[in-house]
Amino acid sequence: MSWQQPLQSFGELSQHESMAAHTTLAVGGMATWYFKPHHKIALCQALSLIPDEIRILPLGRGSNLLVSDQGFKGMVIDLGMLNHVEIKGRTLTAQAGSRMSKLAQTAAKAGLSGLEFMATVPGDLGGGIAMNAGAFGQQASDTCLQVDIVHRHGNEETLSKQQLNMVYRHSQIPDQAIILAASFELLKGKAENILHAMRHMRQKRSQSQPLALPNCGSVFKNPEGDYAARLIEAVGLKGKCMGDAQISNVHANFIVNHGSASSDDIHALIALVQHSVFEKFAIHLEPEVRILESVQ
Ligand SMILES: Cc1cc2nc3c(=O)[nH]c(=O)nc-3n(C[C@H](O)[C@H](O)[C@H](O)COP(=O)(O)OP(=O)(O)OC[C@H]3O[C@@H](n4cnc5c(N)ncnc54)[C@H](O)[C@@H]3O)c2cc1C
């Protein structure tokens, strides 16, 4: 019996799934396989059935992912069904597929502070841990206590944030491992103050970011002591287009898709920015967006 049939009892399995439909940039070719496990136990059991030669890609909201026009040769694992959240005392524990905005709201309503920034980051918790997401002076690693992962063949492990080496927009997740859940130790606060702070952050965002068009947030990490957006503006690339992709006129560290941009268009803009900024300032801008090449 092939491996596909038993896998279907653990979740929804499909073939040739368009990644443009699963990423906020709305670009990218087909994933060979796309699997959405029903729940955590189903995921852990399913992993041992997936042949070793198939590479897996854990997917949250796809809000920090640039997939090649040639697609992804492997299996995308969509964690959307793993979305349980609970609070005990000052500890919030959530599964990887929980929206970060939901975690921020849940914590705030319980009078717990530390996750306010998550109200403005459109990804899921797994992606937020993998990227060590942050904004407004907070980041996931500030309050993270521990992270549960499952390795490629289904064995689970709990890691401390120190073991994950969480630094600016990066965590060291073991190759092919999937984040299952994370817990955070939060501070007591007044719910109305926390909710007010979140509203203020959201308002600031809507004024300074091109949220009406498909994008992936900041394309480049800020180099130490400077801002990628400032450097991109300084080399005159704000507003620059390649096909239907454009360096946003609203925020120069965003690339927006006007409708039919390709992944290649976005790659070309990234390369142009890196080249121009290096030529003028001798600074290498490192992409923050995770770039997935088709060969992977
Ligand atoms: C409008 C906008 C604003 C944004 N603002 C911010 C911001 O202020 N701060 C910030 O940090 N980011 C920001 N981002 C980027 C993005 O939302 C974050 O990086 C977020 O953490 C990504 O979460 P995701 O679920 O979308 O991850 P995905 O894009 O699905 O995945 C990102 C990476 O994480 C890996 N991954 C995802 N889930 C798991 C898992 N369960 N286990 C292991 N690996 C996993 C993926 O394989 C991939 O390599 C913004 C994006 C947009 C579109």
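Preceding block: the structure.
Residues numbered from 1 in each chain as written. Predicted model: local features only at pLDDT ≥ 70, side-chain atom pairs only at ≥ 80, totals over all residues. Heavy atoms only, no water.

(A) Fine view of the state of the cysteines. A complete count under the given rule lists 0 disulfides for this structure. In this model Cys 44 remains outside any disulfide bridge; the closest cysteine sulfur is found in Cys 144, 18 Å from its own. (Disulfide = S-S within 2.5 Å.)

(B) Inspection of the nonpolar core at higher detail. Of all hydrophobic cores here, the largest spans 34 residues; its most connected members are Leu 92, Met 118, Ile 129 and Phe 184. Among the secondary structure elements, those contributing two or more residues to this core are β7 (91-95), α3 (100-109), α4 (125-130), β11 (144-150), β13 (178-185) and α6 (191-208). Among the elements that line this core, the one with the most residues is α3, at 5 residues. One finds Phe 220, Ile 232, Ala 252 and Leu 285 within the second-largest nonpolar core, a separate group that totals 24 residues. (Core = buried A, V, L, I, M, F, W, Y, C linked by side-chain atoms within 4.5 Å. Buried < 20%, exposed > 50% of the residue type's maximum accessible area, 1.4 Å probe, protein only. Helix = DSSP H or I, 4+ residues; strand = E, 2+ residues; numbered from the N terminus.)

(C) Here's a closer look at unusual backbone geometry. In the Ramachandran plot, Asn 132 falls in the positive-phi region, its phi being about 45 degrees despite a non-glycine side chain. With respect to the helices and strands, the residue Asn 132 is situated in the loop between α4 and β9 (134-135). Not every positive phi belongs to a glycine, and Ala 282 is a case in point at roughly 55 degrees. By the secondary structure assignment, Ala 282 is in the loop between α8 (263-281) and β18 (290-292).

(D) Here's a closer look at the side chain of Asn 64. Secondary-structure assignment places Asn 64 in the loop between β3 (56-59) and β4 (65-67). Judged by relative accessible area, which is 14%, Asn 64 ranks as buried. Within the local environment of Asn 64, its side chain forms a polar contact with the backbone oxygen of Glu 288, the two atoms lying 3.2 Å apart. Not counting residues within four places of it along the chain, the set of residues in contact with Asn 64 comprises Met 131, Cys 216, Ser 218, Glu 288, Val 289 and Arg 290. (Polar contact = N/O pair within 3.5 Å; in protein donor to acceptor, adjacent residues only side chain to side chain. Contact = heavy atoms within 4.5 Å.)

(E) The arrangement of the pattern of salt bridges in detail. Applying the stated criterion across every chain, the model contains 9 salt bridges. Linking Glu 185 and Arg 90 is a salt bridge whose minimum nitrogen-to-oxygen distance equals 3.9 Å. Of this pair, Glu 185 sits in strand β13 while Arg 90 sits in the loop between β6 (85-88) and β7, and the two are 95 residues apart along the sequence. Here Asp 124 ties to Arg 99 by a salt bridge, and the two come within 2.5 Å at their closest N and O atoms. You can see Asp 124 sitting in the loop between β8 (112-113) and α4 and its partner Arg 99 sitting in the loop between β7 and α3, a full 25 residues away along the chain. With a relative accessible area of 4%, Asp 124 lands in the buried category. Note on Arg 99: relative accessible area 36%, which makes it partly exposed. (Salt bridge = Lys/Arg side-chain N within 4 Å of Asp/Glu carboxyl O.)

(F) Molecular detail of the sheet that holds strand β17 (residues 255-257). Across the sheet, which stays open at both edges, the 3 strands sit in the order β15-β16-β17 with antiparallel pairing between neighbours. Each edge of the open sheet is held by one strand with a lone partner, namely β15 (241-242) and β17. Strand direction decides the pairing type here: strand β16 (residues 245-247) and β17, joined by 3 bridges, are antiparallel. Residue pairing for β17: Ile 247 is matched across the bridge by Ile 255. Across the sheet, α8 is in contact with β15, β16 and β17; its angle to β16 comes to roughly 25 degrees. (Pairing = 2+ DSSP bridges. Axes fitted to C-alpha atoms, helices over the stretch in contact; angles between N-to-C directions.)

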